[in-house]
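Results of the structural survey
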Protein chains: 2
Amino acid sequence: MANKKAVVVGAGLVGSLWAILLGKRGYQVEVFERRPDMRRSEFSGGRSINLAMSTRGWKAMEQAGIFEQIRAEAIPMAGRMMHSTDGELTFQPYGKKDEAIFSISRGGLNEALMNLADEYDNVRLHFHKKCRKVDLENNRISFVDTLHNEELSIESPLIFGADGAFSAVRSAMQRTSRFNYSQQYLEHGYKELTIPPTADGGYRLDKNALHIWPRGQFMLIALPNLDGSFTCTLFLPFQGEESFEQLQSDEQILNFFTRYFGDAVPLMPDLIEDFRENPTSSLVTIRCNPWQYQEKVLLLGDASHAIVPFYGQGMNSGFEDCTILDQLVDQYQEDWPTIIQAFNTTRPKDANAIAELALRNFIEMRDLVGDPMFLLRKKIEKHLHQKYPNEFLPLYSMVTFSHIPYSEALAEGQAQDKLFDNILAIDNIEQNWNSAEVDQLFHQWHHAKANQS
Amino acid sequence: MANKKAVVVGAGLVGSLWAILLGKRGYQVEVFERRPDMRRSEFSGGRSINLAMSTRGWKAMEQAGIFEQIRAEAIPMAGRMMHSTDGELTFQPYGKKDEAIFSISRGGLNEALMNLADEYDNVRLHFHKKCRKVDLENNRISFVDTLHNEELSIESPLIFGADGAFSAVRSAMQRTSRFNYSQQYLEHGYKELTIPPTADGGYRLDKNALHIWPRGQFMLIALPNLDGSFTCTLFLPFQGEESFEQLQSDEQILNFFTRYFGDAVPLMPDLIEDFRENPTSSLVTIRCNPWQYQEKVLLLGDASHAIVPFYGQGMNSGFEDCTILDQLVDQYQEDWPTIIQAFNTTRPKDANAIAELALRNFIEMRDLVGDPMFLLRKKIEKHLHQKYPNEFLPLYSMVTFSHIPYSEALAEGQAQDKLFDNILAIDNIEQNWNSAEVDQLFHQWHHAKANQS
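Nothing here was measured: the structure is a model prediction, and the numbers come from that model.

1. Things to note about the interface of chain B and chain A
Listed by partner, the interface residues are 14 residues for chain B and 14 residues for chain A. Inspection of the chain B/chain A interface yields 0 salt bridges. Ranked by the residues each element gives to the side of chain B that touches chain A, the list is headed by strand β13 (residues 180-195) of chain B, at 8 residues. A class-by-class count of the residues in the side of chain B that touches chain A yields 5 nonpolar, 7 polar and 2 charged. Pairing of strand β13 (residues 180-195) of chain A with β13 of chain B, which is carried by 3 bridges, proceeds in the antiparallel orientation.

2. What about the domain arrangement of chain A?
Residue and element names in this part refer to chain A. Each assigned domain of chain A is listed with its residue range as follows: domain 1 (5-75 + 105-182 + 284-361), domain 2 (186-282) and domain 3 (371-452). Here domain 1 and domain 3 share an interface that buries about 1400 Å² over both sides, 58% of which is from carbon and sulfur atoms. Three residues stand out in domain 1 for area buried against domain 3, namely T55, R56 and Y311, and they jointly supply 41% of the buried area on that side. Our count for the domain 1 to domain 3 interface comes out at 8 residue pairs in polar contact (both at pLDDT 80 or more). Secondary-structure elements contributing two or more residues to the side of domain 1 that touches domain 3 are α2 (55-64), α9 (314-331) and α10 (336-366).

3. Considering the pattern of salt bridges
Taken as a whole and judged by the stated rule, the model has 46 salt bridges over all chains. Residue E381 of chain A is joined to R377 of chain A by a salt bridge in which the shortest nitrogen-to-oxygen separation is 3.0 Å. In this pair, E381 of chain A and R377 of chain A both sit in helix α11 (residues 372-387), 4 residues apart, roughly one turn of the helix. Assessed through its relative accessible area of 7%, E381 of chain A is described here as buried. For D417 of chain B, the salt bridge identified is with R377 of chain B, shortest N-O distance 3.0 Å. Of the two residues, D417 of chain B sits in helix α13 (residues 406-423) while R377 of chain B sits in helix α11 (residues 372-387), which places them 40 residues apart along the sequence. Connected via shared salt-bridge partners are D37, R39, R40 and D118 of chain A.

Cut-offs used in this document
Residues numbered from 1 in each chain as written. Chains lettered and ligands numbered in written order. Predicted model: local features only at pLDDT ≥ 70, side-chain atom pairs only at ≥ 80, totals over all residues. Heavy atoms only, no water. Contact = heavy atoms within 4.5 Å. Salt bridge = Lys/Arg side-chain N within 4 Å of Asp/Glu carboxyl O. Helix = DSSP H or I, 4+ residues; strand = E, 2+ residues; numbered from the N terminus. Nonpolar A, V, L, I, M, F, W, Y, C, P; charged D, E, K, R; others polar. Pairing = 2+ DSSP bridges. Domains from an automatic or database assignment. Buried area = accessible area lost by both parts, 1.4 Å probe. Polar contact = N/O pair within 3.5 Å; in protein donor to acceptor, adjacent residues only side chain to side chain. Buried < 20%, exposed > 50% of the residue type's maximum accessible area, 1.4 Å probe, protein only.

Encoded structure:
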């Protein structure tokens, strides 16, 4: 390509990262972002929202060259800390001894990525630029400068839509023929709350865990921030017996929290105020296909596959889009029609798989983590993984601590379900969880699977 | 309701029917249609496209009071007539001796419904009115008169969106919070072709059957028209080995038809011309939820549930929307908030069920109808239905010849699949299809099902 030019729509996590990876290759990259520059605006030091970075995300950080910088500010969470109704704590490790997911600040990460993008002379970030029109046929995209109310328009041989779940680039593609699209909302909403640091800046809960208060149809979670605080998120149905709709008065809110999250209430001095001031947001899964328009427009991240947050893979999967696409750029030596086609042929099925896994994990987090049979299965999974590290990798580990394509992880997880149907049916499995019979069933299963493939 | 007023958007089959049913109740109904009045335009006598009316549709015709009129022009099709590659014919009845689906003209039916609506002084049809904006909050809807390029706007306590798969009313609802929506296209397209009448106005094929040329990944079908012609539809992948993409030259088209539909070629003297002139259209399934906006806007027909045509239930399900809604109007005595809520609570699951069944039936029509095991199952189904008419009703009959809610038909069909898994596994089932063993399995299955419910 004589003319190495690209437009990236959106300077969020995925857009900023992709601009860096294109910048490294010497592309002239113009990035257009609807919002103000978060590094200058008053929101910069505002409410900290955190994300869980895992193996797929870290790979992208390495590729961008800021692994060390981000890792230095990340808080490892080695497992789930379950809070029972009477305040009893149970810890479930996520993986092996040295494996963890990491709580990081969304804003901090985004700013770091923007700063890195700014270091490339050939990458330019434009803020306050709201996408107004995408002329797919002519590779032309128009923006309104919302500060000066001016229009601008740019033509580019490559346009990347990294403009999130309500993507303007995807909207234009939705009007083309035979574009498959779906948006599905959960009946649950979420609201963020805060556990502030102690007076001396310490943590009020174990900071190296993801805290969960699983309550069946709903749950509270908490992730640590660097400043000693935790950001809590309440996931609750919008309507019904226990729901946001039922939490109107201060008394109703306090009664609800006292009843279900009794040990958390003393940790949240601003509970009522936070609850009233913070918005109740919805949770959507977005799927579409194709992700490309001809050989010049491609969607990345939430724009093509927004997922619910319950597997902690929203950002990680968006970042993996970038690392996979970057590999394809190497593999096909910047032959963009082939690269875009190859990406669109393989990646959507992985996005569909993690969308499905994320929906299922909501049930696991809010309900199953308190179920004795589920806990027993986890124990046996760990046992099998230790005994047969190459033959058995639990689903959670495949998703979180590996680069195995999500669709393969999903398929392997379904195969594992069949194995555990048999294992958990063993007489007195509670006592016999590490018996020879378990091993025998595992070997039969593994053998049958090997013969199939 | 002191003020009995309603707006219906769309004067297609469902919009016209619903205007009639409201008109009968004395409502002041304003119907706005984007297209010209088909009764006056030159398209009136144009290409006849036909539809298969079955039991659910006929009920709506009765309720509207035009059963006799429409039935007089309908052509009964008592079964499928399969055409093998070498021209051999096999007839599969759809149901019992007196059961049939009926080929009717879409245009003729739509005109008859419009004429009937026009007979009500309190129903007014407005043509050339393109919906421009729906202000859901204020019950106000704006149209552009495309003939005079004028705007008009109307407020109504009730707005019904019967404006088809690409509904403007639904588009407005899509922008409200937590609106679930999906549009899924098949990889197949379709093209209409014609078998003209004989020189003396007769039919070139048996007119009392729906003709199918099943060829695995694709198929041709033909439905009779009143004038002696048949409207044929070719369903074929857009891309791939055998696909629309591969049919470019006259020679390619003719070779394809000669190879796969040899006995149909001599019946289609204008095949090449028709193929070149008629559009290749796509096939979409549209699902959404909710169908209502508050208690004043409701979607009907394709606007909320466009389905693929393979079960012949698109029009029938849209008409059933109207008959069910009409029953709710009686039941709740014009208490519209309750009516709309009740409709939205029960009907979408039936729409989802027929969407699913229609997708599956494509595989049945294009592929399975030529499969000996499938034909054997059909034979046993018929046998069981004759022997136990109250205990066993085949899925096709539930959908086509009954008013059983589609979702119940789907569930019963899934239960029947399990029965037939066992029956078809009987040794030498080809010989033993009416053996005591089949009866025994049926009784076990029926007994287990009765105990469950």
